[in-house]
Amino acid sequence: MRYRFRLTTFFIVTFLYWSAVYTCMPVLTPHAESLNASLQMVGLIGGAYGLMQLLLRLPLGILSDKLGRRRIFITIGVLFGTLSALTLLLGKSPGWVLLARVLAGISACAYVQLTVLYASYFTSGATSRSISMVSAASSASQVLAMMAGGALADRYGVDGTFAAGVAVGLLGIVFSFFLYEPAIKRQPLSFPDVVRVARTPGLIAVSLLSVLTQAILFGKVFSFTPVAASAMNATGWQLGIVSTLASICSFLSAMLAGAGLVSRLGERRLILCGFALHFIGSAMMPFSGNIWL
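Analysis parameters
- Residues numbered from 1 in each chain as written.
- Predicted model: local features only at pLDDT ≥ 70, side-chain atom pairs only at ≥ 80, totals over all residues.
- Heavy atoms only, no water.
- Phe/Tyr/Trp six-rings, centres within 6.5 Å; stacked < 30°, edge-to-face > 60°.
- Helix = DSSP H or I, 4+ residues; strand = E, 2+ residues; numbered from the N terminus.
- Buried < 20%, exposed > 50% of the residue type's maximum accessible area, 1.4 Å probe, protein only.
- Lys NZ or Arg CZ within 6 Å of the ring centre and 35° of its normal.
- Contact = heavy atoms within 4.5 Å.
- Polar contact = N/O pair within 3.5 Å; in protein donor to acceptor, adjacent residues only side chain to side chain.
- Expected span 1.5 Å × (residues − 1).
- Bend = angle between axes of the 7 residues up to and from the residue.
- Core = buried A, V, L, I, M, F, W, Y, C linked by side-chain atoms within 4.5 Å.
- Axes fitted to C-alpha atoms, helices over the stretch in contact; angles between N-to-C directions.
- Parallel < 35°, antiparallel > 145°, perpendicular 65-115°, else oblique.
- Left-handed = near helix turned anticlockwise from the far one by under 90°.
- Nonpolar A, V, L, I, M, F, W, Y, C, P; charged D, E, K, R; others polar.
- Patch = residues over 30% accessible without salt bridge, like charges linked within 9 Å, V, L, I, M, F, W, Y side chains within 5 Å.
- Areas by Shrake-Rupley, 256 points an atom, 1.4 Å probe, with all protein chains shown as cover.
- Salt bridge = Lys/Arg side-chain N within 4 Å of Asp/Glu carboxyl O.

In this description, an aromatic ring pair is defined by two values, namely the gap between the centres and the angle between the planes. Here the structure, examined in full by the defined rule, presents nine aromatic pairs. A ring pair is formed by Phe-10 and Tyr-121, whose centres lie 6.1 Å apart and whose planes are at 75°; its orientation type is edge-to-face. Of this pair, Phe-10 sits in helix α1 (residues 2–22) while Tyr-121 sits in the loop between α6 (111–119) and α7 (127–156); the two residues are 111 residues apart in sequence, bridging distant segments of the chain. Each member of the pair, Phe-10 as well as Tyr-121, carries the same accessibility label: buried. Put simply, the rings of Phe-10, Phe-11, Tyr-118, Tyr-121 and Tyr-180 touch in pairs and so form one group of aromatic residues. Of note, Arg-6 hangs over the ring of Tyr-180, and the distance from its end group to the ring centre comes to 3.5 Å.

Listed below in structure tokens is the structure:
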């Protein structure tokens, strides 16, 4: 019973954490454009989210290991997600939207601690399965948040969407205090250890592939695809669907990977298929003359 409560609390926090950040995604770049943001500013707004993670995820991960704490970083992450939604609600200029994405990027740094905390609930032999499960839960949370954000924008306008982000973020802060955190028994990595690990050729190759994936995801899917859809007079609900479809596929692929797809087809084949689909989707974009295409 206690174990079930721990997992339930974890998944509730995961849902609220991502909802605070992703509820605004369907309307974010169209909202920035409505505030007379240039396309260059739209790109900066999209990039600020990743830049904060680039700068802070590694230092925060080292600090978390040194302190032996995960839960406090998750609580702070949810707090910054809430502040991001609040900034979008109160700020009415492109500069405020940019600041909101900076705060959201800081919030997203806590995903590392969220993943490590969940993995600590299982034995070392179940690491791959646990990572797949938390990835699937995160993708599902993002899907639901974006769909809700689009629907709320249709009914209450963008301020309704941003207010919902604030509300779920506050709930997430409260629930995060009930997360179970087991004691850490291993010796944390030192900075020289991290540098040594970072030089591993396989890790460098995988990281470069991840960079390309994130560039496509945030440069196209979450930044300029909604702009293109908005230019076609998409409704808030349609913007939600456009932003959500990629996350639905992420959720399904994470579930399939956890269910044994990796062992059947192999990691390299799956990665190759993923980039082939990225290529096809990107190549189709300039020729899509309506919302549904």
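More follows now that the structure is in view.
So, about the side chain of Thr-225. Within the secondary structure, Thr-225 sits in helix α10 (residues 201–231). Excluding residues that lie within four positions of it along the chain, Thr-225 makes contacts with Lys-220, Val-242 and Met-285.

Along the polypeptide, Thr-87 turns up in helix α4 (residues 71–90). The class for Thr-87 is buried, based on a relative accessible area of 12%. Side-chain polar atoms of Thr-87 contact the backbone oxygen of Leu-83, separated by 2.8 Å. Dropping the residues within four chain positions of it, Thr-87 is found in contact with Trp-96, Leu-99, Ala-100 and Leu-103.

The terminal C-alpha atoms of helix α3 (residues 39–67), which comprises 29 residues, lie 42 Å apart, in line with the 42 Å expected from a rise of 1.5 Å per residue. A maximum bend of about 40° is found in α3 at Leu-56, where proline Pro-59 lies one to four positions downstream. Every buried residue of α3 is listed here: Val-42, Ile-45, Gly-46, Ala-48, Tyr-49, Met-52, Gln-53, Gly-61, Ser-64 and Asp-65. Among the structural elements, α1, α2 (25–34), α4, α5 (94–108), α6 and α10 are those in contact with the buried residues of α3. Gly-68 sits one or two residues past α3 and shows a positive phi near 70°.

Moving on, we come to the nonpolar core. Ranked by size, the top nonpolar core spans 42 residues in total, and within it Tyr-17, Tyr-22, Tyr-49 and Phe-222 carry the most contacts. Membership of the second largest hydrophobic core comes to five residues, among which are Ala-234, Leu-239, Val-242 and Ile-291.

For the pair α1 and α4, interaxial distance at closest approach is 8 Å and the crossing angle is 30°. As judged from the angle between their axes, α1 and α4 are roughly parallel. Once α1 is placed against α4, the crossing between them reads as left-handed. Where α1 approaches α4, its residues Val-13, Tyr-17, Ala-20 and Val-21 are matched on the opposing element by Ile-74, Gly-77, Val-78, Gly-81, Thr-82 and Ala-85. Of the residues contributing to the contact of α1 with α4, the split by class is seven nonpolar, three polar and no charged.

Let us now look at a nonpolar patch on the surface. A cluster of nonpolar residues, Phe-5, Ile-12, Leu-171, Val-174, Phe-175, Phe-177 and Phe-178, forms a patch on the protein surface that exposes about 680 Å² of accessible area. At the level of elements, α1 and α8 (158–176) are the ones that each hand at least two residues to the nonpolar patch. By the secondary structure assignment, Ile-12 is in helix α1. When its relative accessible area of 30% is taken as the criterion, Ile-12 is described as partly exposed.

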